[in-house]
Amino acid sequence: MAVNTGRPITEFAAYLKRDLTSHTRRVQNLFKRISRNEESWLEDRHDIRYKLTLVRAEFEKHRHVKDMRVAKALLEEGERYLFLNIHPQPKKFTFSPGGVCFERYHDYPDWHADYWHPLEKARYPYYFAKRELRKKQFIQLWEKGNHNTTGDDGHTAHH
């Protein structure tokens, strides 16, 4: 866990910035991070909605601040709040980075099945028979000069 120095988190990784981010985008990002953090702390959906309403009200209270010095100070205060209240084990979406199913399933290209051993192919005779038939149909379409292998509806043509 990071050591709390009381400084905003943006000062620690300033050298990692790759591009300029507008103030509006930084505020939106902060709002989302605070919202997700609050969701991690609470269990009941009603409590989550109530807390998020309070967070939204706090952001709305300062929505029309025009002075950029004040706006920047508010943003840093929000960053500090998030840094001090960050959940030690935040919730992650299942298929998002850090989630339990992230990059679990891989889509292998079709040609991958061409390199299966014949004994492996023998376990799925119907699939590989249909696949060989479709490969022949594809080659015939190609030789006819009909290089567009998709129909008008965008689906692969199978005659």
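Residues numbered from 1 in each chain as written. Predicted model: local features only at pLDDT ≥ 70, side-chain atom pairs only at ≥ 80, totals over all residues. Heavy atoms only, no water.

- The name an unreviewed UniProt entry assigns to the protein is NADH dehydrogenase [ubiquinone] 1 beta subcomplex subunit 9, from the organism Oppiella nova.
- Under the heading Subcellular location (unreviewed entry), UniProt records this for the protein: "Mitochondrion inner membrane".
- Regarding the protein, the UniProt comment filed under Sequence similarities (unreviewed entry) reads as follows: "Belongs to the complex I LYR family." (UniProt positions renumbered as here; feature names shortened; annotations may be inferred.)

1. Things to note about unusual backbone geometry
Inference 1: Phi is positive for E103, which is not a glycine, with a value near 55°.
Inference 2: The topology assignment puts E103 in the loop between α4 (68-84) and α5 (118-121). (Helix = DSSP H or I, 4+ residues; strand = E, 2+ residues; numbered from the N terminus.)

2. Topic: the packing of aromatic side chains
Inference 1: Counted by the stated rule, this structure contains five aromatic pairs.
Inference 2: An angle of 55° between the planes, with centres 5.3 Å apart, marks the rings of W116 and F128 as tilted. Here W116, found in the loop between α4 and α5, pairs with F128, found in helix α6 (residues 125-144); they are 12 residues apart in sequence, far enough to count as distant.
Inference 3: Taking relative accessible area as the criterion, F128 reaches 7% and is therefore assigned buried.
Inference 4: Ring pairs connect the aromatic residues W116, Y124, Y127 and F128, which therefore count as one cluster.
Inference 5: Lying over the aromatic face of F31, R56 brings its terminal NZ or CZ to 5.6 Å of the ring centre. (Phe/Tyr/Trp six-rings, centres within 6.5 Å; stacked < 30°, edge-to-face > 60°. Buried < 20%, exposed > 50% of the residue type's maximum accessible area, 1.4 Å probe, protein only. Lys NZ or Arg CZ within 6 Å of the ring centre and 35° of its normal.)

3. Describing the pattern of salt bridges
Inference 1: This structure, assessed with the given rule, holds 10 salt bridges.
Inference 2: Linking E58 and K61 is a salt bridge whose minimum nitrogen-to-oxygen distance equals 3.4 Å. Of this pair, E58 and K61 both sit in helix α3 (residues 45-61), three residues apart, roughly one helical turn.
Inference 3: Residue E58 is classed as partly exposed on the basis of its relative accessible area, which comes to 39%.
Inference 4: On the basis of relative accessible area, K61 is assigned to the exposed category, the value being 56%.
Inference 5: R63 is paired through a salt bridge with E60; the nearest N and O atoms lie 2.9 Å apart.
Inference 6: Since its relative accessible area comes to 32%, E60 is described here as partly exposed. (Salt bridge = Lys/Arg side-chain N within 4 Å of Asp/Glu carboxyl O.)

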